[in-house]
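Descriptive structure summary
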Amino acid sequence: MDKFKLCMVLHAHQPVGNFDHVFEYAVDRCYRPVLEILTRYPEFKCGLHYSGPLLTWLEKGDPAFLDEIARAAASGQVEMLSGGFYEPLLAVIPARDALAQVEMMTAYTKRRFGQDPKGFWLAERIWEPSLPAKLGPAGLKYTLVDDTHLYYAGLGPQNMFGYHMTEREGHPMALFPTHMELRYTIPFKEPGITLDFLKRSLDEVGPTCATYGDDTEKFGLWPDTYEWVIEKGWLVRFIEETLKNSDWLETFGPGRVMADQPATGQVYLPTASYEEMSIWALPPQTSMDLEALIKELKKEKRYEGMRRFLRGGMWDNFLVKYPESNMMHKRMLYISDKLHESGGPDAALDHLYQAQCNCAYWHGLFGGLYLAHLRSAVHQELIKAENLCDGQGEWARAQTLDLDLDGSDEVVLARPEMDLVCHPAYGGSVSVLDLRSQAFNLACALTRRPEAYHAHFKDEPHGNGDAEEPQSIHDMVVFKEEGLEDYLIYDWYNRRLFQDHIIPAGETLEGFSRAQYTEWGDFVNQPYELIESFADEGRALCSMRRAGRIWSPDGPWPFTVNKSYRLDENGLKASYLLQAPEQPHAGLGFAVELNFSLLSESDPGKHILLPDGGVLDLDKPHEAGAVKGFSLINRTDGFRLDFELSSPAMIWCFPIETVSQSESGLERIYQGSSLSLVWELETGELSRKIDIRMAQRKA
């Protein structure tokens, strides 16, 4: 009798920059028990993939676990997959880097596990039609996609089995579609439900294979899954019941399936990912509309028939949705070009590849971009790569280029100690301020934005309740603390450094922190004219100007801001010249806002220090009287930044907190701090100079 095949691939990953205790917990709670259970049943065949960041940690933190994987590979029970070593999205990094990362993983797999992989794990199943040609020189034969990809190509349910061949520029590649039915029953339903589906599939489509490729984290790290999968024995039951049905069902890795049966057919896929990702990539309202449509179609039992006509967005639109992600991505492209053009050292390339780890560039069900330590890790690796490329010595650089590829030029000022990215077209603000010796981007805060899942605050929260089986986190709504709705605050501008406000008398820190205040200026997010940028004699500087308005009820009134940045051996100097032919309002304030991140609001080693010794913690709002200076203290990372002001200013400071979604529920997360320096402006004709100096030293 010809048998049906279950092609099962488990993927394990932890991102670059994650905490050691998270790696350790994941290994102990999930990865080790899953592997230990699998290897009890050598006749149960499957594929395994472990990402480079996880493998790198294991080499130092738990090499014995790698030995266990190697033994399973040597026995022939498991088939190891290659992939981009640091888990990049292969479709959105340069071809040379994508190929290098895959070859790096293939070489590691041969050396450490003794297998020459025939296929690769496609991170987040982000498919782009050029991938077969992009990776052709790597010589790999297959990858796993989602059944969603095939639906987008116009195929129907009967085509979601076996594997399909595609090509680009003559480079063939086999595609195994992961079946959504399996993704939602494994491991969340009793094994019998999955086996019933496989038996029905055998009856309906014949002796082909069904593919399951998904995250190992579902087997112990997702909420309630450790108890269900490990302690209550779901994985043991699943393997044993599968093996009991060996008269009609067998298990293989993808390479063995390719050797045993021909392709189901040919297909050319559009740019795509799994269905949930395509929804997350949409603007919030569009995302909600599509989710509502899918829910309605499922209720009407029309969803399966309509799937091929339902499409969300493409992953790349996260770069539009989140400018912070776009800046990381475009800096990555810029530094990749720089390293390859200059023949940068291998160590620099490794830092670049680590910066290509995908997790911090997007956000959906998992924290991703909303986790400040992951964003910071990307910047850290980019800084380290560029440091190795630039070398030491005395130098200064000023470049004018469209770094973020939005159609407007940025200015990059750099010295060995510090660099910054200025956006004349966006208020002359600074989106990157790197402390290069610490490999730390100070401008790593995140803007507070609406998200589609914020609509859950209109619903009753629901979790797993008393259900015996765990609920998929795609279906759970859990609020991790009371009163989260109070933190649903949305900013009207992208938060950066050196953003210029005109505020009328009477505005309060409370209103300012909640974006419920009156803005009378048109400087925060409006274009400044770039006057000049250059570097000479160890300094780099740029200057710009905006002839704007004060939009008061009896205005508008002309108001001009001249702004410049200068990097030299003393640090950074931001200079302002404010000019107005007449100023009708007493008590009008000019505020320079600095949105920064020290990555933690609760670490006592991170705070603002005032000249009188007063300490402003980062976990609550603060208002301080006129000061001529202050310091940002970061003892944890070993540095401090001393600010000196040319004239006393009032300080407003508050934490920037978001309500974001994670696998365990909706939670409040610290994203950085807003610190504004506020000067009262004189009435009548105005010509006011303000200097802000910032010097870095060890804490």
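Before reading on, note that the structure itself is shown above.
Anyway, here's the lowdown on the structure attached to this text. (Residues numbered from 1 in each chain as written. Predicted model: local features only at pLDDT ≥ 70, side-chain atom pairs only at ≥ 80, totals over all residues. Heavy atoms only, no water.)

This next bit is on the overall build of the chain. For the chain, the helix and strand inventory stands at 19 helices and 28 strands. Taking 2.2 N^0.38 as the reference for a compact globule, 699 residues should give roughly 27 Å; the C-alpha atoms of the chain span a radius of gyration of 28 Å, in line with that estimate. Dimensions of the chain, computed from the C-alpha atoms along their principal axes, are close to 95 × 55 × 45 Å. Evaluated residue by residue, the chain yields a buried proportion of 60% over its 699 residues. When contacts within the chain are restricted to residue pairs at least 6 apart in sequence, those whose partners lie at least 24 apart make up 72%. Put simply, the chain shows about 26,400 Å² of open surface, and 49% of that area lies on carbon and sulfur atoms. (Helix = DSSP H or I, 4+ residues; strand = E, 2+ residues; numbered from the N terminus. Rg over C-alpha atoms; globule rule 2.2 N^0.38 Å. Buried < 20%, exposed > 50% of the residue type's maximum accessible area, 1.4 Å probe, protein only. Contact = heavy atoms within 4.5 Å. Areas by Shrake-Rupley, 256 points an atom, 1.4 Å probe, with all protein chains shown as cover.)

Of note, Leu352 is situated in helix 17 (residues 346-355). When the C-alpha positions of Leu352 and Pro648 are compared, they lie 42 Å apart, and in sequence the two are 296 residues distant. Not counting residues up to four positions away in its chain, the partners in contact with Leu352 are Asp97, Met332, Ser336, Leu339, Leu382 and Ala385.

Below, the discussion takes up unusual backbone geometry. Cis rather than trans, the peptide bond between Ile186 and Pro187 has omega equal to 0 degrees. The residue Pro187 is located in the loop between helix 7 (180-185) and helix 8 (191-205) in this model. Cis geometry marks the peptide bond from Gly555 to Pro556, where omega comes out at 10 degrees. Relative to the assigned elements, Pro556 resides in the loop between strand 19 (539-550) and strand 20 (557-568).

Okay, the packing of aromatic side chains next. Throughout the structure, instances matching the rule amount to 30 aromatic pairs. Summarising the aromatic geometry, the rings of Phe85 and Tyr108 are spaced 5.9 Å apart at their centres and angled 70 degrees between planes, so their arrangement reads as edge-to-face. With Phe85 in the loop between strand 4 (82-83) and helix 4 (95-113) and Tyr108 in helix 4, this pair connects stretches of sequence that are 23 residues apart. Take Phe85: its relative accessible area is 5%, and that puts it in the buried class. Sitting above the plane of the Tyr303 ring, Lys298 keeps its charged end 4.9 Å from the centroid. (Phe/Tyr/Trp six-rings, centres within 6.5 Å; stacked < 30°, edge-to-face > 60°. Lys NZ or Arg CZ within 6 Å of the ring centre and 35° of its normal.)

What follows deals with the pattern of salt bridges. In the structure shown here, the tally under the stated rule is 48 salt bridges. For Arg32, the salt bridge identified is with Asp28, shortest N-O distance 3.6 Å. One end of the pair, Arg32, and the other, Asp28, are both in helix 1 (residues 20-39), four residues apart, so they sit about a helical turn from each other. Classification of Arg32 by relative accessible area gives partly exposed; the value is 22%. A salt bridge links Asp568 to Arg566, with the nearest nitrogen and oxygen atoms 2.9 Å apart. A cluster of three or more residues bridged by salt bridges with shared partners is formed by Lys338, Glu386, Asp390, Arg397, Asp419 and Arg436. (Salt bridge = Lys/Arg side-chain N within 4 Å of Asp/Glu carboxyl O.)

Attention now moves to helix 10 (residues 234-244). Of the positions making up helix 10, those classed as buried are Trp234, Leu235, Val236, Phe238, Ile239 and Thr242. Where the residues of helix 10 are buried, they touch strand 1 (4-12), helix 1, helix 8, helix 9 (225-231) and strand 10 (249-252).

Time to look at the packing of helix 1 against helix 2 (residues 52-61). Helix 2 packs onto helix 1 with a crossing angle of 95 degrees between their chain directions and a minimal axis gap of 11 Å. When the axis of helix 1 is compared with that of helix 2, the two are roughly perpendicular. Every residue of helix 2 that contacts helix 1 at Asp20, Phe23, Glu24, Val27 and Tyr31 is listed here: Pro53, Leu54, Trp57 and Leu58. (Axes fitted to C-alpha atoms, helices over the stretch in contact; angles between N-to-C directions. Parallel < 35°, antiparallel > 145°, perpendicular 65-115°, else oblique.)

As a further point, take the nonpolar core. Among the nonpolar cores identified, the biggest contains 123 residues, and Met8, Leu48, Tyr50, Phe113, Leu198, Phe219 and Trp315 are the most heavily contacted of them. Ranked by residues supplied to this core, first place goes to helix 1 with nine residues. (Core = buried A, V, L, I, M, F, W, Y, C linked by side-chain atoms within 4.5 Å.)

The next thing to look at is the environment of Met8. If you trace the backbone, Met8 turns up in strand 1. What makes Met8 buried here is its relative accessible area of 3%. Each C-alpha atom, one on Met8 and one on Leu641, is 52 Å from the other, the two residues being 633 residues apart in sequence. What Met8 contacts, discounting residues up to four positions off in sequence, is Phe44, Cys46, Gly47, Ile186, Tyr212, Phe219, Phe238 and Phe252.

For the pair helix 16 (residues 323-342) and helix 18 (residues 372-390), the least separation of the axes is 10 Å and the interaxial angle reads 20 degrees. By the angle between their axes, helix 16 is roughly parallel relative to helix 18. Handedness of the helix 16/helix 18 crossing: left-handed. In this structure, helix 16 uses Met328, Arg331, Met332, Tyr334, Ile335, Lys338, Leu339 and Ser342 to contact helix 18, whose residues at the interface are Arg375, Val378, His379, Leu382, Ile383, Ala385, Glu386, Cys389 and Asp390. By residue class, the composition of the contact of helix 16 with helix 18 is 10 nonpolar, two polar and five charged. (Left-handed = near helix turned anticlockwise from the far one by under 90°. Nonpolar A, V, L, I, M, F, W, Y, C, P; charged D, E, K, R; others polar.)

Buried within helix 2 we find Gly52, Pro53, Leu54, Leu55, Trp57 and Leu58. Against strand 1, helix 1, strand 2 (46-50), helix 3 (63-74) and helix 4 lie the buried residues of helix 2.

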